[in-house]
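# Fold and contact review
Okay, here's what each chain looks like letter by letter:
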Amino acid sequence: MIPEVLLRENPGSGFAGVSRRGKKWQHEVQGWTHENGSKITSKSLFDLASLTKVVATLPLCLVLLNRGELNLNQKINHYVSNAGWFQDPSLGDVEVFKLFNHTSGLPAWKPLFAYSNSSSVLKANVLQTNLMEPAIRYYNDLGWIVLGHLVERITQSKLDQLAKEWIFESLGMTSTGFKPLETFEKIQCVATEDCGWRKELLQGTVHDENAHAFGGVAGHAGLFSNLEDLIHYMNAWLNKLTLIGLEKEVEMVMNSNSESEGLPSYGLGWRFAPSLEYSGFGNRSGAMGHTGYTGTSLWFDCHLQEAVILLNNRVYPGRQNTDEVIRTFRERMHEYFLSPM
């Protein structure tokens, strides 16, 4: 059982966590969907936030790479001719792989939700964003919004439907998807923030404001999942996505580490050791992982066959003063899950 002192450090109302060492998974689930809500279980749906990048958008891009329909070394204007139109430097002149590792020069963030709730207008806004210094890494959501747009443009299909058909159904992830309230009851979802802008407690509605403005479906955020499905997903990565024929692409991802002085190392989507923050497990050589703003994280090591999934709702009921708390909580929970049993 998790020590009581760790449970008291949890910034949310509850969490679901699981780890794998070799072939054995062990999990712990604690807390409630919200105050006076239902008890969290391994089936409870969490807002994955930025884990959307590596659970939905990344594998879709890998499928397109496998099919020869996406080229990492092509410039963005090969797929979207008016990207960065009349700008210098121009987003259109940036190679696709730089969107994955946050070196495109796009700024850290934009309040797109304050401009419009039209998906086409917002995508145009992102594609015309002024670049910062292209050689410098700025972790950003905008590049992954562009990647989601590229997936839809190449396939002429919707991101959420593609993710369901190409990835989730193939991996047995029956509860994972965007806009969960179209399929599940609100009671099955773990609440996030009491949003002053939307004037409601968010439960089953995407927390990320920009993803909400996109209608709940975007390349950077919007995905919901539970512990059971993410075990399937981590098992798939530990087996190099052989179930969907992407072993060669996974090897490429594992060898894509791109370091930047004073900043975390990123490759094609995943973050590499040394992570500098967020996870004690992530600082181990050979590990890859990612975090989500709502309190979620995935970390794994293919060589050691180890993984940690931690789902949380650290923005409940508000996000203030939770940054350091969730970092510490993640580190200590990861250490607990990977300690000898």
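Described in the following lines is the structure provided in the data block.

Calculation notes
- Residues numbered from 1 in each chain as written.
- Predicted model: local features only at pLDDT ≥ 70, side-chain atom pairs only at ≥ 80, totals over all residues.
- Heavy atoms only, no water.
- 1 Å grid on protein atoms, 1.4 Å probe; cavity = no way out; pocket = protein on both sides within 12 Å on 5 of 7 lines; lining within 4 Å.
- Points joined across faces, edges and corners; volume = space filled by probe spheres on them.
- Nonpolar A, V, L, I, M, F, W, Y, C, P; charged D, E, K, R; others polar.
- Axes fitted to C-alpha atoms, helices over the stretch in contact; angles between N-to-C directions.
- Helix = DSSP H or I, 4+ residues; strand = E, 2+ residues; numbered from the N terminus.
- Parallel < 35°, antiparallel > 145°, perpendicular 65-115°, else oblique.
- Contact = heavy atoms within 4.5 Å.
- Buried < 20%, exposed > 50% of the residue type's maximum accessible area, 1.4 Å probe, protein only.
- Pairing = 2+ DSSP bridges.

## Focus on the layout of surface pockets
Its boundaries defined by the atoms lining it, the second largest pocket holds a volume of some 340 Å³. Lining the second largest pocket are 17 residues, and of these K164, T176, G177, F178 and T183 sit closest to its centre. Grouping the amino acids of the lining of the second largest pocket by side-chain chemistry returns six nonpolar, six polar and five charged.

## Concerning the packing of helix α2 (residues 51-66) against helix α6 (residues 159-168)
At a minimum axis separation of 10 Å, α2 and α6 run at an interaxial angle of 70 degrees. On the basis of their axis angle, the class for α2 and α6 is roughly perpendicular. Contacts between α2 and α6 involve V55, A56, T57, P59, L60, V63 and L64 from the first element and L159, L162, A163, W166, I167 and F168 from the second. Partitioned by chemical class, the residues of the contact of α2 with α6 number 12 nonpolar, one polar and no charged.

## A short note on the pairing of strand β11 (residues 288-292)
Across the five residues that make up β11, a large majority, five, are buried. Side chains M288, H290 and G292 of β11 all project onto a buried face; the interleaved residues G289 and T291 project onto the opposite face, where all are buried too. In this structure, the hairpin formed by β11 and strand β12 (residues 296-301) is closed by a connection of three residues, where G295 is found at a positive phi of approximately 120 degrees.

## Let's talk about the environment of M254
Along the chain, the position of M254 falls in helix α9 (residues 247-254). Residues M254 and F272, 18 residues apart in the sequence, show an inter-C-alpha distance of 9.0 Å. When residues no more than four places from it in sequence are discounted, the contact partners of M254 are K240, F272, M288, C302 and H303.

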